[in-house]
Amino acid sequence: MRKKIVAGNWKMNTTVPEGVELAKAVLAKSAEVPAGVGLIVATPFTHLTEVAKVVKGSRVELSAQNCADKVSGAYTGEVSAAMLESVGCKWTILGHSERRQYYGETDAKLVEKTRLALEQGLGVILCVGENLDQREAGKHLEVCTEQIKNVLYNFSAEDMKRIVVAYEPVWAIGTGKTATADQAEEIHACIRKVLADKFGAKVADDTTILYGGSCKPSNAKELFSRKDIDGGLIGGAALKADDFIAIAQSF
Ligand code: PEP
C-alpha cells in the first residue's frame, strides 16, 4: 500500500525563529492527523538545523527544497546532499517549477541531483507539471510524461521506493487557481501508467503521487478522495500550522 503524505514547502519564507515556531506549531497538532499520514516540512536551508531539533524523534520529517548536482568542491552557494543528510534531513524536493523557471533547472540536472540525493539515503519529492500555455494547447499529459521519463527512467525499481512524485500544474501554484479533482486525477493516473510502463504495475501502484497547486483545507478533501491522488505538496497553506494540519486531516 502506498503511503499518504502531506508535505509543506515553505519556499523562501520565515526567518529562522519564525520557522522554529511554525515547526513547533505543526508538531503540537500532529497528533490530530491520522497515524498513516506522513508529514513533511521542507524548510529553507538556513532553518534545517534548528527545525531538525524541533522535529527530532517525531512523526514530522524534515526536507530541503533543493540540493546540488555535484558531490562537493568549488561550487559557491550550493548545498550538497551529504550536507543535508548530516543535519537530519530525510527528504529533498527536486525540480520544483520555480527552480525550473527561475534557476534553469533542467531534467538532465535533476537526474544528477536525484542520483546524489538517493546515494545519501535521502528521499526525493520530484515535481513535474505543465504551464498554462501547455495546458491550453492540450499538451499537459505529454509534458508531464516527458518530465517523468527524462528523470525517473534513469533509475531502478529499487530507487523508486524512495521517490515521491508531485504533480504541480504551474498555472495553479500560488495563483489561487486549483486544478479540479478531475484534471488532477487525469494526470496522476497518466503518471502512474508511465511509471508502470517502465517499472511494472506493482512499483507504480506503490508510488506516492502528490498534488500541488493552491491546495487548501477547503479543496483538499475532494482532491484526496481521488484514486491516484495520495496527498499534497502544499505551499502557501503550509505557512499556517492550522491550515497545514487541516489539509492533512482531509483523507
Ligand atoms: C508549491 O509551491 O509547491 C505549491 C503547491 O504552492 P501553493 O500551494 O502556494 O500553490
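Quick notes on the rules
- Residue positions are given per chain, counted from 1 along the sequence in the order it is written.
- Owing to the predicted nature of the model, reporting of local features is limited to residues with pLDDT of at least 70; listing and counting of side-chain atom pairs is limited to 80 or more, with chain, interface and lining totals taken over all residues.
- Side-chain numbers come from the whole structure's heavy atoms, not from hydrogens or water.
- Pairing between two strands is assigned when DSSP locates at least 2 bridges connecting them.
- A run of DSSP states H or I qualifies as a helix once it reaches four residues; a run of E qualifies as a strand once it reaches two. Both are numbered from the N-terminal end.
- The convention used is that axes are lines fitted to C-alpha atoms, helices contributing only their stretch in contact, and that angles between N-to-C directions extend from 0 to 180 degrees.
- We call a residue near a molecule or strand when any one of its heavy atoms sits within 4 Å of it.
- N or O atoms closer than or at 3.5 Å make up a polar contact, with two conditions inside protein: a donor-capable atom paired with an acceptor-capable one, and, for residues adjacent in sequence, both atoms drawn from side chains.
- Throughout, the Shrake-Rupley method with a 1.4 Å probe supplies accessible areas, and for residues the shown protein chains are the sole cover considered.
- Only Asp, Glu, Lys and Arg are considered charged in this grouping, and only Ala, Val, Leu, Ile, Met, Phe, Trp, Tyr, Cys and Pro are considered nonpolar; every other residue, Gly among them, is considered polar.
- In plain words, nonpolar cores are sets of buried Ala, Val, Leu, Ile, Met, Phe, Trp, Tyr and Cys residues tied together by side-chain atoms within 4.5 Å.
- Whether a residue is buried, partly exposed or exposed follows from its accessible area with a 1.4 Å probe, protein chains only, as a fraction of its type maximum: under 20%, in between, or over 50%, in that order.
- Throughout, a contact is declared for two residues whenever any of their heavy atoms are within 4.5 Å.
- Here, two cysteine sulfur atoms that lie within 2.5 Å of each other are counted as a disulfide.
- The path from the first strand over the helix to the second decides the hand: if it runs clockwise while the strands point away from the viewer, the crossover is right-handed.
- Working rule for helices: expected span equals 1.5 Å times residues minus one.

Student: Just to check I follow, could you spell out the sheet that holds strand S7 (residues 209–212) for this structure?
Tutor: Taken in spatial order, the eight strands of this closed barrel run S1-S2-S3-S4-S5-S6-S7-S8, and their pairing is parallel. Going across the sheet, the axis of each strand differs from the next one's by a mean of 30 degrees, ignoring polarity. Note that strand S4 (residues 91–94) and strand S5 (residues 123–128) share four bridges and pair parallel. Note on S5: the bridge partner recorded for Ile-93 is Ile-125.

Student: Help me understand the site of the ligand in this model?
Tutor: Taken together, the neighbourhood of the ligand is formed by 14 residues, with Lys-11, His-96, Glu-168, Gly-174 and Ser-214 sitting nearest. Contact distances for the ligand include 2.5 Å between an oxygen atom and a side-chain N or O atom of Lys-11. At 2.7 Å from an oxygen atom of the ligand is found a side-chain nitrogen or oxygen belonging to His-96. Expressed as a share of its isolated accessible area of 290 Å², the protein-covered part of the ligand is 95%. Considered class by class, the residues forming the shell around the ligand number four nonpolar, eight polar and two charged.

Student: Would you mind showing me how to read the nonpolar core here?
Tutor: Counting 70 residues, the largest nonpolar core has Leu-152, Ile-191, Tyr-211 and Phe-244 as the members making the most contacts within it. Counting residues per element, this core draws most heavily on helix H8 (residues 181–199), at eight residues. Every residue in contact with Tyr-211, bar those within four places of it in the chain, is listed here: Tyr-167, Pro-169, Ala-172, Thr-178, Ala-179, Ala-184, His-188, Leu-223, Ile-229, Gly-231, Gly-232 and Leu-233. Grouped together as the second largest cluster of nonpolar side chains are twelve residues, Ile-5, Ala-42, Trp-91 and Ile-125 included.

Student: In this structure, what is going on with unusual backbone geometry? I would like to understand it.
Tutor: Most peptide bonds are trans, and most residues other than glycine sit at a negative phi. Positive phi outside glycine occurs at Lys-11, with the angle close to 50 degrees. When you line up the elements, Lys-11 lands in the loop between strand S1 (4–9) and helix H1 (16–29).

Student: Is there a simple way to think about the state of the cysteines in this case?
Tutor: Throughout this description, disulfide means a covalent bond between two cysteine sulfur atoms. What the rule picks out here adds up to zero disulfides. Between Cys-144, a free cysteine, and Cys-190, which holds the nearest cysteine sulfur, the sulfur-to-sulfur gap is 7.0 Å.

Student: Would you mind showing me how to read the pairing of strand S2 (residues 37–42) here?
Tutor: Moving residue by residue along a regular strand, the side chains alternate between the two faces of the sheet. In terms of burial, S2 is largely enclosed, as six of its six residues are buried. Pairing of S1 with S2, which is carried by six bridges, proceeds in the parallel orientation. Its bridge partner lying in S2, Lys-4 is registered against Val-37. Bridge count between S2 and strand S3 (residues 60–64): four bridges; the pairing is parallel. Counterpart to Ala-42 in the pairing with S3 is Ser-63. Once you follow S2 into helix H2 (residues 48–55) and on to S3, the crossover reads as right-handed.

Student: Please explain the side chain of Ser-30 as it appears in this structure.
Tutor: Take Ser-30: it is sitting in the loop between H1 and S2. On the basis of relative accessible area, Ser-30 is assigned to the buried category, the value being 6%. With near-sequence residues (within four places) excluded, Ser-30 lies in contact with Leu-39, Arg-59, Val-60 and Ile-245.

Student: Even after reading the chapter, I still don't get helix H5 (residues 107–119), so can you show me in this structure?
Tutor: The α-helix winds at 3.6 residues per turn, so residues separated by three or four positions along the chain end up facing the same way. For H5, built from 13 residues, the straight-helix expectation of 18 Å at 1.5 Å per residue is met to within 8% by its first-to-last C-alpha distance of 18 Å. Where H5 is buried, its residues meet helix H3 (81–86), S4, helix H4 (97–102), S5, helix H7 (140–152) and strand S6 (163–167). Gly-121, located one to two residues past H5, shows a positive phi value of around 85 degrees.

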